[in-house]
Amino acid sequence: STLNVIVNSKGLTTAAVPLQIRARAPGLLAPAAFKPADKQYVVAVRPNGTFVSNGTIAGIPAAPAVPGETVTFYGTGFGSVRNGAIGGQIASGLAPLIDPVEVKLDGVSAEVTYAGLTPGLVGVYQFNVRIPDNVPDGDLTLTLTIGGEPLVSQNLFLSVKR
């Protein structure tokens, strides 16, 4: 739905600006530093805190993901969760997404072992994803679908090496 917002402050009033209210406006963490050339890489982190990349991101020591390992992606705006987490408050524990999440690398389905709010933070979602055994080497296209809707606003890659 859309709502017109007017801000009043110190005797000044803005013009009405339409604000679209959506249950989901998802996006994965993929800053400009993770776009060294023509490809935007998702920020993927291993359990030991090291990053996943093909080695072309300046100043960030990293290595490609390996089939069978689990990496974590982070993002915002992915929607409703279970366990009573309230928007704008710190997630005190695991709060899984209500809608199902599917992750694919170059069209190969990956196992998502957790998808929901990150405990200890406000509004940050995490996706723990096991790299499939049958993906090729290289920079693979990452697609994420939530509740049957693809994440279409980002064209992301993840590096994998056997």
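Residues numbered from 1 in each chain as written. Predicted model: local features only at pLDDT ≥ 70, side-chain atom pairs only at ≥ 80, totals over all residues. Heavy atoms only, no water.

## As for the pattern of salt bridges
In the structure shown here, the tally under the stated rule is four salt bridges. Residue Lys104 pairs with Glu102 through a salt bridge whose shortest N-O separation is 4.0 Å. In this structure, the salt-bridge partner of Asp133 is Arg130, at a minimum N-O distance of 3.3 Å. Under the relative-accessibility criterion, Asp133 is labelled partly exposed at 46%. The class of Arg130 is partly exposed, set by a relative accessible area of 27%. (Salt bridge = Lys/Arg side-chain N within 4 Å of Asp/Glu carboxyl O. Buried < 20%, exposed > 50% of the residue type's maximum accessible area, 1.4 Å probe, protein only.)

## A few points about the pairing of strand β12 (residues 101–105)
Regular strands place their side chains on alternate faces of the sheet. Covered by surrounding structure in β12 are Val101, Val103 and Leu105 only, the residues Glu102 and Lys104 on the alternate face being uncovered. Two strands pair when backbone bridges link them, and β12 and strand β15 (residues 138–146) are joined in this way by five bridges, in the antiparallel orientation. The residue of β15 that forms the bridge with Val101 is Ile146. Two elements, β12 and strand β13 (residues 108–117), share three bridges in a ladder whose sense is antiparallel. By the bridge assignment for β13, Lys104 is matched with Ser109. (Helix = DSSP H or I, 4+ residues; strand = E, 2+ residues; numbered from the N terminus. Pairing = 2+ DSSP bridges.)

## Regarding the side chain of Glu69
Tracing the backbone shows Glu69 in the loop between β9 (62–63) and β10 (70–76). Within the structure, Glu69 has its side chain in polar contact with the side chain of Arg46 (distance 3.0 Å). Other than its neighbours up to four places away in sequence, Glu69 contacts Arg46, Pro64, Val129, Arg130 and Ile131. (Polar contact = N/O pair within 3.5 Å; in protein donor to acceptor, adjacent residues only side chain to side chain. Contact = heavy atoms within 4.5 Å.)

## Things to note about the nonpolar core
Residues Leu28, Phe73, Leu97, Phe127 and Leu144 are the most contacted members of the largest nonpolar core, which totals 33 residues. Looking at this core, the elements that each hand over two or more residues are β10, β12, β13, β14 (125–130), β15 and β17 (156–160). The contact partners of Leu97, leaving out residues within four places of it in the chain, are Phe78, Gly79, Ser80, Val81, Arg82, Ala115, Gly116, Tyr125, Phe127 and Ile146. In terms of nonpolar packing, the next biggest core, distinct from the first, is built from seven residues, Phe34, Tyr41, Val43 and Ile57 among them. (Core = buried A, V, L, I, M, F, W, Y, C linked by side-chain atoms within 4.5 Å.)

## Points about the packing of aromatic side chains
Evaluation of the coordinates by the stated rule reveals four aromatic pairs. Here Phe34 and Phe51 contribute two aromatic rings whose centre-to-centre distance is 5.7 Å and whose plane-to-plane angle is 65 degrees, an arrangement assigned as edge-to-face. Taken as a pair, Phe34 in the loop between β5 (27–28) and β6 (40–41) and Phe51 in strand β8 (residues 51–52) lie far apart in primary sequence, 17 residues in all. By relative accessible area, Phe34 is classed as buried at 5%. A relative accessible area of 29% places Phe51 in the partly exposed class. Aromatic side chains Phe78 and Phe127 sit 4.7 Å apart centroid to centroid with 65 degrees between the ring planes, which places their arrangement in the edge-to-face category. In this pair, Phe78 is assigned in the loop between β10 and β11 (95–96) and Phe127 in strand β14, connecting sequence segments 49 residues apart. Through a chain of ring-to-ring contacts, the aromatic side chains of Phe78, Tyr125 and Phe127 assemble into a single cluster. (Phe/Tyr/Trp six-rings, centres within 6.5 Å; stacked < 30°, edge-to-face > 60°.)

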